[in-house]
Amino acid sequence: MLHYGSLTIDLDHYRVLVNQQPVVLSYREYALLVYLAMRAGKVVPPRRLLEEAMGRHDVGGLRMVEEHVRHLKATLERSGDTYIEAVEGEGYRFVPPRR
């Protein structure tokens, strides 16, 4: 189980909670969230997310990574916290809230 502020990621049951309420994510969004959260604070390039988190190797998949991260980010930000930030030209970083 991973806890970051109001966000809980239950690795055993493939669930995500924000403020103790379930959050509906697609399989790919969940995989991206777990991958980024387990590397909190580190910038992860989109190519690595595509290959390691999503198990794909096609170039067209990079656009898919952008779309899934954008949706995941928007979903999590409804809680009032920003958990994922884009680092221009580099990739994405999971940023645990400071409280």
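Located above this text is the structure these notes cover.
Computed from a prediction, not measured in an experiment: that's the story for all the values here.

The rules behind each value
- Residues numbered from 1 in each chain as written.
- Predicted model: local features only at pLDDT ≥ 70, side-chain atom pairs only at ≥ 80, totals over all residues.
- Heavy atoms only, no water.
- Core = buried A, V, L, I, M, F, W, Y, C linked by side-chain atoms within 4.5 Å.
- Buried < 20%, exposed > 50% of the residue type's maximum accessible area, 1.4 Å probe, protein only.
- Helix = DSSP H or I, 4+ residues; strand = E, 2+ residues; numbered from the N terminus.
- Contact = heavy atoms within 4.5 Å.
- Phe/Tyr/Trp six-rings, centres within 6.5 Å; stacked < 30°, edge-to-face > 60°.
- Lys NZ or Arg CZ within 6 Å of the ring centre and 35° of its normal.
- Pairing = 2+ DSSP bridges.
- Axes fitted to C-alpha atoms, helices over the stretch in contact; angles between N-to-C directions.

Overview of the nonpolar core
Part 1 of the reasoning: Formed by 29 residues in total, the largest nonpolar core has its most connected members in Leu 7, Ile 9, Leu 33, Leu 49, Leu 76, Ile 84 and Phe 94.
Part 2 of the reasoning: Of all the elements in the fold, those that place two or more residues in this core are strand E1 (2–4), strand E2 (7–10), strand E3 (15–18), helix H1 (27–37), helix H2 (46–53), helix H3 (61–77) and strand E7 (91–94).
Part 3 of the reasoning: It is H1 that contributes the most residues to this core, seven residues altogether.
Part 4 of the reasoning: Apart from the residues lying within four places of it in its own chain, the contact partners of Phe 94 are Tyr 4, Leu 7, Leu 33, Leu 36, Ala 37, Ala 40, Gly 41, Lys 42, Tyr 83 and Ile 84.

With respect to the packing of aromatic side chains
Part 1 of the reasoning: Applying the stated rule across the entire model yields three aromatic pairs.
Part 2 of the reasoning: Taken together, a centroid distance of 5.9 Å and an interplanar angle of 65° make the contact between Tyr 14 and Tyr 30 edge-to-face. Remark: Tyr 30 occurs in helix H1 and Tyr 14 occurs in the loop between E2 and E3; sequence separation between them is 16 residues.
Part 3 of the reasoning: With a relative accessible area of 62%, Tyr 14 lands in the exposed category.
Part 4 of the reasoning: Taken together, the aromatic side chains of Tyr 4, Tyr 83 and Phe 94 make up a single cluster linked through ring pairs.
Part 5 of the reasoning: If you follow Arg 39 out to its NZ or CZ, it ends over the ring of Tyr 35, 3.5 Å from the centre.

So, the sheet that holds E7
Neighbouring strands of a sheet are bound in pairs by backbone hydrogen bonds; such pairs are parallel or else antiparallel.
Part 1 of the reasoning: Within the open sheet, the three strands sit side by side as E5-E7-E6. Their pairing is antiparallel. Two strands lie at the open edges of the sheet, namely strand E5 (43–44) and strand E6 (84–87), each paired on one side alone.
Part 2 of the reasoning: In this sheet, E7 lies alongside E5 in antiparallel orientation, the contact comprising two bridges. Bridge pairing links Val 43 to Arg 93 in E7.

Things to note about the pairing of E6
Part 1 of the reasoning: Across four bridges, the pairing between E6 and E7 is antiparallel. Pairing of Val 87 across the sheet is with Gly 91, part of E7.
Part 2 of the reasoning: Hairpin connection from E6 to E7: three residues lie between these consecutive antiparallel strands, with Gly 89 at a positive phi of about 75°.

Brief notes about the sheet that holds E2
Part 1 of the reasoning: Sheet architecture is open: four strands sit in the order E1-E2-E3-E4, paired in antiparallel fashion. One side of each edge strand has no neighbouring strand; the edge strands of this open sheet are E1 and strand E4 (21–22).
Part 2 of the reasoning: Here E1 pairs with E2 via three bridges, running antiparallel. Counterpart to Leu 2 in the pairing with E2 is Ile 9.
Part 3 of the reasoning: Each of E1, E2 and E3 touches H1; the most contacted strand, E2, lies at about 105° to it.

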